Number of protein chains: 2
Amino acid sequence: MISTVVLGFGNVGKHLCLALEQSDAAQLVQIYNRSESEVPESLQKVEFIHELGDLTRADLYLIALPDDAIKSFSDKLKKHNSVVAHTSGSKSLEALKKHDRAGVFYPLQTFSSERTMDLRTVPICIEAKHPEDEAMLVQLAESISEKVKVISSEERKKLHLAAVFASNFPNHLYHMASEILGEHQLDFDLLKPLIAETADKIQSLPPVDAQTGPARRGDENTIENHLHLLTNSRFREIYELLTHSIKETYGKKL
Amino acid sequence: MISTVVLGFGNVGKHLCLALEQSDAAQLVQIYNRSESEVPESLQKVEFIHELGDLTRADLYLIALPDDAIKSFSDKLKKHNSVVAHTSGSKSLEALKKHDRAGVFYPLQTFSSERTMDLRTVPICIEAKHPEDEAMLVQLAESISEKVKVISSEERKKLHLAAVFASNFPNHLYHMASEILGEHQLDFDLLKPLIAETADKIQSLPPVDAQTGPARRGDENTIENHLHLLTNSRFREIYELLTHSIKETYGKKL
């Protein structure tokens, strides 16, 4: 059993704790969070601490904190002969340089406190300075997920960038769609089946083949009408740029 | 029973035919398509024609053709005392002005020939020049979908515009994500759980509350690193504009 302390109990930390508590390979011995938080039923028996001075010994310290906080937090952690790993998509091993046995344990998913999540389908990207630590992190990851991949810091950064295009930006476009409907007292619920099908389609079809819509068809009439309907200049700019990009992709010049 | 002829056997026409064939309210009497097409098993017993001269009499002619073809096709259709409706999100009743009993039967979904689709969850937006024809179209729509809504041409145009933001643009962003991964020999499969969860989240959470990522957090470090990684100038421009838009939305100025 890999004795593990999770440091940080935000969205990522909480989901990891819930999964590790169920894991056959890990023993979740302690959870650190600066402030008090609500602890789910299944984690009630795990020791919860708020002071780094109360930290217990463990094989692995898993830092599940915001990207900007990792480096300074890592510097505050006492040196042990244990593995110290962070859960960030964008930070390199460099952020943990105080610790010789540094690693990364990055679950590629968008976590919200409101949602339960089955981590088994979530890819976990592993990296470690030393091969034996990599093996330990892989073993732990495989005990909670079916999709474990060892990748370098450079690859992880590109994956994280791609994830912004695949998740953060589409969500913002959902928001814009909901604003357009709201202006006209139309219900966002009308778009939910469309959003679900659009995301579902690319599970089996490459997105380049799944593209539909006026830009894909080169339907200038509809594009003109849409631009005319867009009163918000920021929305219009985004419409124009993405329409242009779709046309470029399919060889139809603006 | 509403005797119905479907004109056009592309993605929309085919899915409508499959649903109407199962409907208790409709009798699908004929399908018109200019060219030969593969006909699914369940539609084998429906008459299939390729010449408008062979058109039979029916209560309803449903034009499921590309937006740009609707007007000229409608003008070629003989005047009958039947309802003539199109299935377009962006075209008004005007496109059918040759016919007095004009209507719209717009299923709000992205249709691909490769996908089977349960139309019962797909919103169908109805409009008609005459109240009795609106009632007929609503009756037909309710026989294949649980989400039927009567809306005006103006509202429908706005809905169609919002659908571009909710579906066409996110799909293009999935494509860009897949390109970024492809450049680095990373598998697009890694992003599929993230894409599924992002779309699933907004089924229960308003997109404005579901937003995550560096722009939402105002994480300038990560944004700078991402811009540095983007070698394609079109991708960089889109990243900048959407990042700026997210910051504006959450009150963090660029």
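Residues numbered from 1 in each chain as written. Chains lettered and ligands numbered in written order. Predicted model: local features only at pLDDT ≥ 70, side-chain atom pairs only at ≥ 80, totals over all residues. Heavy atoms only, no water.

A. Representation of the domain arrangement of chain A. All names here are of chain A. Domain boundaries in chain A define domain 1 (2–151) and domain 2 (156–249). For domain 1 versus domain 2, the separation of C-alpha centres amounts to 35 Å. At the interface, 13 residues of domain 1 touch 6 residues of domain 2. The largest per-residue losses of area from domain 1 upon contact with domain 2 belong to Gly89, Ser90 and Ile151, which jointly make up 43% of the total buried on that side. Linking domain 1 with domain 2 are 1 salt bridge. Arg156 is the salt-bridge partner of Glu127, the closest N and O atoms lying 2.6 Å from each other. Linking domain 1 with domain 2 are 4 residue pairs in polar contact (both at pLDDT 80 or more), by the criterion used here. (Domains from an automatic or database assignment. Contact = heavy atoms within 4.5 Å. Buried area = accessible area lost by both parts, 1.4 Å probe. Salt bridge = Lys/Arg side-chain N within 4 Å of Asp/Glu carboxyl O. Polar contact = N/O pair within 3.5 Å; in protein donor to acceptor, adjacent residues only side chain to side chain.)

B. Quick look at the interface of chain B and chain A. Listed as interface residues are 85 residues of chain B and, on the opposing side, 86 residues of chain A. Both faces combined, the contact of chain B with chain A buries some 8,700 Å², and carbon together with sulfur accounts for 68% of it. On the chain B side of the interface with chain A, the three residues burying the most area are Arg115, Phe165 and Leu190 of chain B, jointly 8% of the side's total. The salt bridge involving Glu248 of chain B is made with Arg234 of chain A; its shortest N-O contact spans 3.9 Å. In this structure, the connection of chain B to chain A is made through 34 residue pairs in polar contact (both at pLDDT 80 or more). When contributions to the side of chain B that touches chain A are tallied by element, the ones reaching two or more residues are α2 (67–76), α4 (153–183), α5 (192–201), α6 (207–210), α7 (214–217), α8 (220–229) and α9 (233–249) of chain B. Residue contributions to the side of chain B that touches chain A peak at 25 residues, all from α4 of chain B. A breakdown of the residues in the side of chain B that touches chain A according to their chemical character gives 43 nonpolar, 24 polar and 18 charged. (Helix = DSSP H or I, 4+ residues; strand = E, 2+ residues; numbered from the N terminus. Nonpolar A, V, L, I, M, F, W, Y, C, P; charged D, E, K, R; others polar.)

C. Here's a closer look at the relation of the copies chain B and chain A. In screw terms, the move from chain B to chain A is a rotation of 180 degrees and a rise of 0.0 Å along the axis, fitting with an RMSD of 0.0 Å. Taken together, these values place the two copies in the relation of a two-fold axis. Ranked by how close their C-alpha atoms come to the rotation axis, the residues of chain B are headed by Pro170 of chain B, at 2.4 Å. Mapped onto chain A, 100% of the interface residues of chain B again fall at the interface, so both copies present the same surface. (Least-squares fit on C-alpha atoms with pLDDT ≥ 70 in both.)

D. Main features of the nonpolar core. Formed by 113 residues in total, the largest nonpolar core has its most connected members in Phe165 and Leu191 of chain A together with Phe165 and Leu191 of chain B. Aside from chain neighbours lying at most four places away, what touches Phe165 of chain A is Pro170 of chain A together with Leu173, Met176, Ala177, Ile180, Leu230, Phe235, Ile238 and Tyr239 of chain B. Formed by 31 residues, the second largest nonpolar core is a distinct cluster that contains Ala19, Leu60, Phe105 and Leu137 of chain B. (Core = buried A, V, L, I, M, F, W, Y, C linked by side-chain atoms within 4.5 Å. Buried < 20%, exposed > 50% of the residue type's maximum accessible area, 1.4 Å probe, protein only.)

E. Expanded view of the pairing of strand β4 (residues 60–63) of chain A. Residue and element names in this part refer to chain A. Where burial is concerned, the two faces of β4 agree: the one with Leu60 and Leu62 and the one with Tyr61 and Ile63 are both buried. Here strand β1 (residues 2–7) pairs with β4 via 4 bridges, running parallel. Residue Val6 lies in a different strand from β4, and its bridge partner there is Leu62. Examined bridge by bridge, β4 and strand β5 (residues 83–86) share 4 bridges and lie parallel to one another. Following the sheet pairing, Ile63 is matched in β5 by His86. Following the chain from β4 across helix α2 (residues 67–76) to the adjacent parallel β5, one finds a crossover that is right-handed. (Pairing = 2+ DSSP bridges. Right-handed = clockwise from strand over helix to strand, strands pointing away.)

F. View of the sheet that holds strand β3 (residues 47–49) of chain A. All names here are of chain A. Strand order in the open sheet formed by 8 strands is β3-β2-β1-β4-β5-β6-β7-β8, with mixed pairing between adjacent strands. At either end of the open sheet lies a strand with only one pairing partner, and these are β3 and β8 (148–150). With direction set aside, neighbouring strand axes in the sheet form an average angle of 25 degrees. Pairing geometry for strand β2 (residues 26–32) and β3, over 3 bridges, is parallel. Residue Tyr32 lies in a different strand from β3, and its bridge partner there is Ile49. (Axes fitted to C-alpha atoms, helices over the stretch in contact; angles between N-to-C directions.)

G. Highlighting the environment of Ser82 of chain A. Residues and elements named next belong to chain A. Checked against the element boundaries, Ser82 lands in the loop between α2 and β5. With 51 residues separating them along the chain, Ser82 and Asp133 place their C-alpha atoms 9.3 Å apart. Residues in contact with Ser82, not counting those within four places in the same chain, are Ala58, Asp59, Tyr61 and Arg101. Within the structure, Ser82 has its side chain in polar contact with the backbone oxygen of Ala58 (distance 2.7 Å).

H. Local environment of the packing of helix α9 (residues 233–249) of chain A against α4 of chain B. Where α9 of chain A contacts α4 of chain B, the two axes come as close as 11 Å, and the packing angle between them is 50 degrees. Between α9 of chain A and α4 of chain B, the interaxial angle falls into the category oblique. Crossing of α9 of chain A over α4 of chain B shows left-handed handedness. Facing α9 of chain A, whose interface residues are Phe235, Ile238, Tyr239, Leu242, Thr243, Ser245, Ile246 and Thr249 of chain A, α4 of chain B presents Leu161, Val164, Phe165, Asn168, Phe169, His172, Leu173 and His175 of chain B. Here the contact of α9 of chain A with α4 of chain B is built from residues that sort into 10 nonpolar, 6 polar and no charged. (Parallel < 35°, antiparallel > 145°, perpendicular 65-115°, else oblique. Left-handed = near helix turned anticlockwise from the far one by under 90°.)

I. Broad picture of unusual backbone geometry. In this structure, Gln185 of chain A takes a positive phi of about 55 degrees despite not being glycine. By the secondary structure assignment, Gln185 of chain A is in the loop between α4 (153–183) and α5 (192–201).

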